[in-house]
Amino acid sequence: MGNESFAHLADCRLCVNVDHIATVREARGTDEPDPVRAAVLAELGGAHGITVHLREDRRHIGDRDVELLMSTVRTFVNLELAVEDEVLGLAEVWAPAQATLVPEKREELTTEGGLDLSLDPNRIKSAITQLQSVGTRVSLFIDPDPATVTEAALLGANAIELHTGEYANSVDRVTADREIERLVKAVKEGVRLGLGIHAGHGLTYENVQPVAAITEFEELSIGHSIVSRSVLVGMERAVFEMGQLIREARG
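Keep in mind that this is a model prediction, so the values were computed, not measured. (Residues numbered from 1 in each chain as written. Predicted model: local features only at pLDDT ≥ 70, side-chain atom pairs only at ≥ 80, totals over all residues. Heavy atoms only, no water.)

Engineer: Which residues make up the overall build of the chain, and what are the values?
Structural biologist: Counting its secondary structure elements, the chain contains 12 helices and 8 strands. Its C-alpha atoms give the chain a radius of gyration of 17 Å, near enough to 18 Å, the size a compact globule of 251 residues would have. Considering only C-alpha atoms, the chain reaches an extent of 45 × 40 × 35 Å along its principal axes. In the chain, the share of contacts with a sequence separation of at least 24, taken over all contacts with a separation of at least 6, comes to 66%. As displayed, the chain offers around 11,500 Å² of accessible surface, 50% of which is attributable to carbon and sulfur atoms. (Helix = DSSP H or I, 4+ residues; strand = E, 2+ residues; numbered from the N terminus. Rg over C-alpha atoms; globule rule 2.2 N^0.38 Å. Contact = heavy atoms within 4.5 Å. Areas by Shrake-Rupley, 256 points an atom, 1.4 Å probe, with all protein chains shown as cover.)

Listed below in structure tokens is the structure:
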């Protein structure tokens, strides 16, 4: 899917990350809960896409999970992965509708910041080309900095996912407003360059609306908060409630 193909799916797509369903499964080394079944329920609740991160260490999502999701998801799969040969090779075979290149450290609990595009731009550009060659739309997970957005466009990305972690971790309204301004500036640069504009990381039922209200965002990727709520109310309802907040923010 190119940018035009994605545009018709929703005013603001909600991609539900089901990684932490697999985290619970791996805590006991059993076959439940199943992230593939969770994905089905997420779609029934209104998800426009399913996100999974295939980490090099396979700490939660495994190869079989991705293979099953590719054959069962009725919306689209957004595959998060590092710029590493093994996972890039698998992504090339699976050819998901969308792939998001992210930084990855083995010792981290979750992704800690945006991809540093200056470290090895040629390698990132090669990964983008490799994925695009099989028809995959490629997004780069980056910090909300206009210069970094420009660099993402120069590397040939179709889209960017702005890291909302600093906003989500804001301790007061002043800090939160400042982080929203950072997001808006990065969004404007992305729009100017014709990129798809996404956001994700740390978004919850309590903080999602100011981000969703930025109308240029066409996709929000949310996982932990939805999975946490699903333990109490079920996945279908948890996704519906998050979607409702996003729709309210859009007026």
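Engineer: Could you give an account of a negative patch on the surface, naming the residues involved and the relevant values?
Structural biologist: Judged by side-chain charge, Asp116, Asp143, Asp145 and Glu166 come together as a negatively charged surface patch. Locating Asp143 in the fold gives a position in the loop between β5 (137–142) and α7 (146–154). Asp143 gets classed as partly exposed once you look at its relative accessible area, which sits at 31%. (Patch = residues over 30% accessible without salt bridge, like charges linked within 9 Å, V, L, I, M, F, W, Y side chains within 5 Å. Salt bridge = Lys/Arg side-chain N within 4 Å of Asp/Glu carboxyl O. Lys, Arg positive; Asp, Glu negative; His and termini not counted. Charge placed at Lys NZ, Arg CZ, Asp CG, Glu CD. Buried < 20%, exposed > 50% of the residue type's maximum accessible area, 1.4 Å probe, protein only.)

Engineer: Residues and numbers for the packing of aromatic side chains, please.
Structural biologist: Counted by the stated rule, this structure contains 0 aromatic pairs. Positioned over the ring face of Tyr205 is Arg229, at 5.6 Å from the centre of the ring. In this structure, Arg247 packs its charged tip against the face of Phe240, placed 5.5 Å from the ring centre. (Phe/Tyr/Trp six-rings, centres within 6.5 Å; stacked < 30°, edge-to-face > 60°. Lys NZ or Arg CZ within 6 Å of the ring centre and 35° of its normal.)

Engineer: Go over the pattern of salt bridges with me, naming the residues and quoting the values.
Structural biologist: In this structure the tally under the stated criterion is 17 salt bridges. For Arg13, the salt bridge identified is with Glu218, shortest N-O distance 3.2 Å. Taken together, the residues span a long stretch of sequence, with Arg13 in strand β1 (residues 13–17) and Glu218 in the loop between α10 (208–212) and β8 (219–222) at a distance of 205 residues. Neither Arg13 nor Glu218 differs from the other in exposure class; each is buried. Among the charged side chains, a salt-bridge network with shared partners connects Arg13, Arg137, Glu218 and Glu219.

Honestly, that's just the spatial picture; any functional story needs more than this.
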